[in-house]
Amino acid sequence: MRIEGGRALNGVIPISGAKNAALKLMCAGLLSAATLRLSNMPNSLRDIDSQTELLEYLGATIARENDLMAINAGSVDKIDAPYDLVRKMRTSILVLGPLLARFGEAKVSLPGGCAIGTRPVDLHIDGLRAMGAEITLEHGYIHALAKDGLQGAKIIFPKVSVGATENLMMAATLAKGETVLANAAREPEISDLGECLIKMGAKIEGLGTATIRIEGVDRLHGTAHEVVPDRIETGTYMIAVALTGGNVRLKNARADHLAALIARLQKAGVDIAEDGADILISRDPAQPLRGTDIMTEPYPGFPTDLQAQFMTMLTLCEGAGLVSETIFENRFMHVPELARMGADITVHGNSAIVRGVKKLTGAEVMATDLRASVALVLAGLVADGETVINRIYHLERGYEDLVGKLSACGAVIQRI
Ligand code: EPZ
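Residues numbered from 1 in each chain as written. Predicted model: local features only at pLDDT ≥ 70, side-chain atom pairs only at ≥ 80, totals over all residues. Heavy atoms only, no water.

K.L.:
Summarise the pattern of salt bridges; cite the residues concerned and give the values.
P.N.:
One pass over the full model with this rule turns up 18 salt bridges. The partner of R397 in a salt bridge is D47, and the shortest N-O contact between them spans 2.8 Å. With R397 in helix α13 (residues 393-398) and D47 in helix α2 (residues 46-58), this pair connects stretches of sequence that are 350 residues apart. Note on R397: relative accessible area 22%, which makes it partly exposed. By relative accessible area, D47 is classed as buried at 2%. (Salt bridge = Lys/Arg side-chain N within 4 Å of Asp/Glu carboxyl O. Helix = DSSP H or I, 4+ residues; strand = E, 2+ residues; numbered from the N terminus. Buried < 20%, exposed > 50% of the residue type's maximum accessible area, 1.4 Å probe, protein only.)

K.L.:
Could you give an account of the site of the ligand, naming the residues involved and the relevant values?
P.N.:
With respect to spatial proximity, 23 residues lie near the ligand, and among them D122, S161, V162, D305 and I327 are the closest. With respect to the ligand, the side chain of D122 contributes an N or O atom lying 2.7 Å from a nitrogen atom. A distance of 3.4 Å separates an oxygen atom of the ligand from a polar atom in the side chain of R331. Expressed as a share of its isolated accessible area of 840 Å², the protein-covered part of the ligand is 88%. Breaking the shell around the ligand down by element, the ones donating at least two residues are α1 (19-28), α5 (122-130), α6 (162-172) and α12 (370-382). In terms of domain composition, the shell around the ligand takes at least three residues from each of domain 1 (2-16 + 229-414) and domain 2 (19-226). (Near = heavy atom within 4 Å. Polar contact = N/O pair within 3.5 Å; in protein donor to acceptor, adjacent residues only side chain to side chain. Areas by Shrake-Rupley, 256 points an atom, 1.4 Å probe, with all protein chains shown as cover. Domains from an automatic or database assignment.)

K.L.:
Lay out the environment of P82 with the relevant residues and their values.
P.N.:
Relative to the assigned elements, P82 resides in the loop between β6 (80-81) and α3 (83-86). Separated by 85 residues in the primary sequence, P82 and N167 place their C-alpha atoms 18 Å from one another. What P82 contacts, discounting residues up to four positions off in sequence, is L54, Y57, S109 and Y141. (Contact = heavy atoms within 4.5 Å.)

K.L.:
Give a description of the sheet that holds strand β15 (residues 246-251) that names residues and reports values.
P.N.:
An order of β2-β15-β17-β16 is seen for the four strands of this open sheet, with the pairing classed as mixed. Edge positions in the open sheet fall to β2 (9-14) and β16 (271-275), since each of these has one partner strand only. This sheet shows a mean twist of 15 degrees between the axes of neighbouring strands, independent of strand direction. Bridge count between β16 and strand β17 (residues 278-283): five bridges; the pairing is antiparallel. By the bridge assignment for β17, D275 is matched with D278. (Pairing = 2+ DSSP bridges. Axes fitted to C-alpha atoms, helices over the stretch in contact; angles between N-to-C directions.)

K.L.:
Lay out the domain arrangement of the protein chain in plain terms, naming residues and giving numbers.
P.N.:
Each assigned domain of the protein chain is listed with its residue range as follows: domain 1 (2-16 + 229-414) and domain 2 (19-226). Domain 1 and domain 2 are separated by 31 Å when their C-alpha centres are compared. Every contact between the two is made by 25 residues of domain 1 and, on the other side, 21 residues of domain 2. Taken together, both faces of the contact between domain 1 and domain 2 bury some 1,900 Å²; the carbon and sulfur share is 48%. Taken as a group, Y299, R397 and E400 account for 30% of the area that domain 1 buries against domain 2, more than any other trio of residues on that side. The closest approach of N and O atoms between R231 and E189, which form a salt bridge, is 2.8 Å. (Buried area = accessible area lost by both parts, 1.4 Å probe.)

K.L.:
Lay out the nonpolar core in plain terms, naming residues and giving numbers.
P.N.:
Of all hydrophobic cores here, the largest spans 75 residues; its most connected members are M131 and L197. Of the residues forming this core, the biggest block, seven residues, is contributed by α1. If you look at the next biggest cluster of nonpolar residues, it comprises 67 residues, including L243, I294, A363 and A383. (Core = buried A, V, L, I, M, F, W, Y, C linked by side-chain atoms within 4.5 Å.)

K.L.:
Lay out the pairing of β17 with the relevant residues and their values.
P.N.:
Relative to β17, β15 runs antiparallel, the two being bridged by five bridges. When the sheet's bridge partners are listed, R249 is paired in β17 with L280.

K.L.:
Give me α2: which residues, what numbers.
P.N.:
Its 13 residues place the ends of α2 19 Å apart at the C-alpha level, agreeing with the 18 Å of an ideal helix rising 1.5 Å per residue. Within α2, the full set of buried residues consists of D47, I48, S50, Q51, T52, L54, L55 and L58. G59 occupies a position one or two residues after α2 and carries a positive phi of about 115 degrees. (Expected span 1.5 Å × (residues − 1).)

K.L.:
With reference to specific residues and values, describe the packing of helix α8 (residues 231-244) against helix α9 (residues 259-268).
P.N.:
In helix packing, the relevant descriptors are the interaxial angle and the interaxial distance, both defined with respect to the helix axes. Two elements in contact, α8 and α9, have axes whose closest approach is 11 Å; the angle formed by their N-to-C orientations is 5 degrees. As the angle between them shows, α8 and α9 are arranged roughly parallel. Seen from α8, the contacting residues are G235, M238, I239 and A242; seen from α9, they are L261, I262 and L265. (Parallel < 35°, antiparallel > 145°, perpendicular 65-115°, else oblique.)

K.L.:
Could you give an account of the sheet that holds strand β21 (residues 351-355), naming the residues involved and the relevant values?
P.N.:
Taken in spatial order, the four strands of this open sheet run β18-β19-β21-β20, and their pairing is mixed. Strand pairing shows two members of the sheet lacking a second neighbour, β18 (294-295) and β20 (344-348), which therefore form its edges. Where β20 lies against β21, five bridges are found, and the strand directions are antiparallel. Each bridged residue has a counterpart across the sheet, and for V347 the counterpart in β21 is A352. Of the strands in this sheet, β18, β19 (320-324), β20 and β21 touch helix α10 (residues 307-314), which is tilted by about 165 degrees from β19.

And the structure:
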């Protein structure tokens, strides 16, 4: 991807449905034999394609048209997620709970580590065991059995996990009796999934709080559900405008899901307003941004998925900002690439001190994971001269029409 930096962003950017909600909602489709109709699905994302491939492998029928997707898992005849599909996308682990709950058996390849950390799945496994599943780990696979069905259980997570909360919430919808998930994650994507499950007939209380109660039912039915707007995509474009200056309307977004980011951007000197379902963001390029600190935390704290982008912004702030990453152990891989563009960043353990510099200069850089990649795109938008980003397949996993959306606001960016 080639970017000619130095253009302010002005215009309108439509926000897509959240990738990290859509991927789990697709798994929810496995819980019922009836059709689940999803709208506001993000289009042309590689992760959605991988999840589609996995569900089709299992025997589900998937129809897609624009932002609509209909999933029918009435003819599912396999219960295994093979390594070749799981290694492409770790979120495949989210079929474990639904398959086990509905069919009494599931076999899912262990995902392994990834660029941002070791990312174990022990919380998913321990939770399902607490619900009565017999689980063995063999030949790189998790093999889970619950021939007489899962039993409700009280599960206290020793650590907040988005994926484990989702997997166990889905499994519990078809378990016998009540499941309580304590110290559950509270991300908006989990509430979105829970609301869809409720429409499918599940009994769930406490969504958006740290204690979720699920009373199991015999079966779930079909429904229609609109995917929540992508708060990370929204936040990424907000930071882009903060960096380049300009004035952008983000259409169909949820400002209430971005309170932690908005507070930090305002502190740095960015103007943000809401207009119905839109967010208006502007910055006068003549006014300098001020350095400010962030620490990533589970929702409603500052999202780890916006840490790299925010760090790019700090590189050009007046003063300094301290970035502490508490969720993943290896999520500073954008630092050496930003340094190649002139940033002044010192990393110590899980913290990075970013001292503002006058300008970044375009360079050839390499993307390592989805959010690190987009942080380099943001740097390219504001750097002097040309930036070329290699390995952009990461970006295509999670940002719908990034080039089109930025170009429409005046950026000079192309996929080459
Ligand atoms: C989700 O990953 C998101 N992915 C991530 O977004 C996001 O960064 C993360 O939540 C945190 O917000 C999707 O929704 C598809 P976790 P998930 O379980 O569910 C540890 C992106 O760029 N842990 O909340 O895998 C884990 O290692 C991606 O879109 C265990 O120790 O995250 C991490 O340190 C990247 N054992 C912490 O918990 C477990 O069994 C939080 O992970 C599970 C997790």
